[in-house]
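# Secondary and tertiary structure notes
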Amino acid sequence: MSPMQQHGPHNLEIEEAALRAWPAEQQLLFDGWVARLSDGYTKRANSALLLYPQPESDHLATVARIEQLYRSLQLPVIFRLLSFTTPPDLDSWLENRGYREADRTLVMTHVIAESAQFDDDVSVLDLDEGIEAHARMNNLSAAILPSHRRILERIPTGLTFFGLHEKETLVACGLSVTDGGLVGLFGIVTDPNYRRRGHAARLVRGMLAQGVQDGASTAYLQVVMSNTPAIALYESLGFREAYRYAYRIRD
């Protein structure tokens, strides 16, 4: 049994896996900060976060360098502030400089039971079908689909799209990325016409069962704190808060 299986993954392990699971086109390091650059699609792939705090770092000077980088590329300046690495004064400093807060988020984890069973109505989708279903159920513009595809195609390994069918109708979908002993669950959504029928719970259980088969022992996911129904669902399935993050954005 690995140390991670014995004690559970540390927050840093989860965050590193999450970055690999949603890879930016380019990542630059600035004194413990990771500046992620893509083509503007999603804040996760176009924001900077302090991942490896350095005791003697001048974070405010580093923030200024990162601001200059994003502005030179004509991108919004976005910082993703992790609860376990962010210096106490940095959030208020950014707020005073005109950065608005957005998308306060929980990162939740769950130790997967080896007895988890795959639901017969859950199936693996190919990439095209998964992207289309995700866009349709989220009512996303077709214009962002190429950017979504490019991010998914950059995932080095472990990507699986899942769908849940009611009779012959695809009613829920999501994707997972298995990375060693961790499996991340992303983009879980139910068709608006089929919500509040337990489909999301069945889909997640099937995704967890597949994660066990693929060698994962712990699952993680990210959920916006304002989405209380989703948080209640994940808690009912055994997920618990590991850490939090929020964005600070200067438009």
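Here, every reference points to the structure presented above.
Residues numbered from 1 in each chain as written. Predicted model: local features only at pLDDT ≥ 70, side-chain atom pairs only at ≥ 80, totals over all residues. Heavy atoms only, no water.

Now for the pattern of salt bridges. Tallied over the entire structure, the rule returns 13 salt bridges. Ionic pairing is found between E15 and R80, a salt bridge with its closest N-O pair at 2.1 Å. Taken together, the residues span a long stretch of sequence, with E15 in helix 2 (residues 11-21) and R80 in strand 4 (residues 77-82) at a distance of 65 residues. The residues E15 and R80 share a single accessibility class, namely buried. When the shortest N-O distance is used, the salt bridge between E241 and R244 registers 2.7 Å. Note on E241: relative accessible area 41%, which makes it partly exposed. For R244, a relative accessible area of 35% translates into the label partly exposed. Here the residues in one salt-bridge network are D91, E95 and R248, joined through shared partners. (Salt bridge = Lys/Arg side-chain N within 4 Å of Asp/Glu carboxyl O. Helix = DSSP H or I, 4+ residues; strand = E, 2+ residues; numbered from the N terminus. Buried < 20%, exposed > 50% of the residue type's maximum accessible area, 1.4 Å probe, protein only.)

Per the counting criterion, the structure on display carries six aromatic pairs. Between the aromatic rings of F84 and Y243, the centroid separation amounts to 4.9 Å while the plane-to-plane angle is 75 degrees, which identifies the pairing as edge-to-face. Taken as a pair, F84 in the loop between strand 4 and helix 4 (90-96) and Y243 in strand 11 (residues 240-250) lie far apart in primary sequence, 159 residues in all. When its relative accessible area of 2% is taken as the criterion, Y243 is described as buried. Above the plane of the ring of Y247 lies K43, whose end atom (NZ or CZ) is 5.3 Å from the centre. Lying across the ring of Y245, R80 places its NZ or CZ 4.4 Å from the centre. (Phe/Tyr/Trp six-rings, centres within 6.5 Å; stacked < 30°, edge-to-face > 60°. Lys NZ or Arg CZ within 6 Å of the ring centre and 35° of its normal.)

What follows deals with unusual backbone geometry. Phi at D31 takes a positive value of approximately 50 degrees, unusual for a residue other than glycine. Summarising the element assignment, D31 is placed in the loop between strand 1 (26-30) and strand 2 (33-37). Given a relative accessible area of 38%, D31 falls into the partly exposed group. Even without being glycine, D103 reaches a positive phi, approximately 55 degrees. Following the sequence through the fold, D103 ends up in strand 5 (residues 100-111). With relative accessibility at 32%, the residue D103 sits in the partly exposed group.

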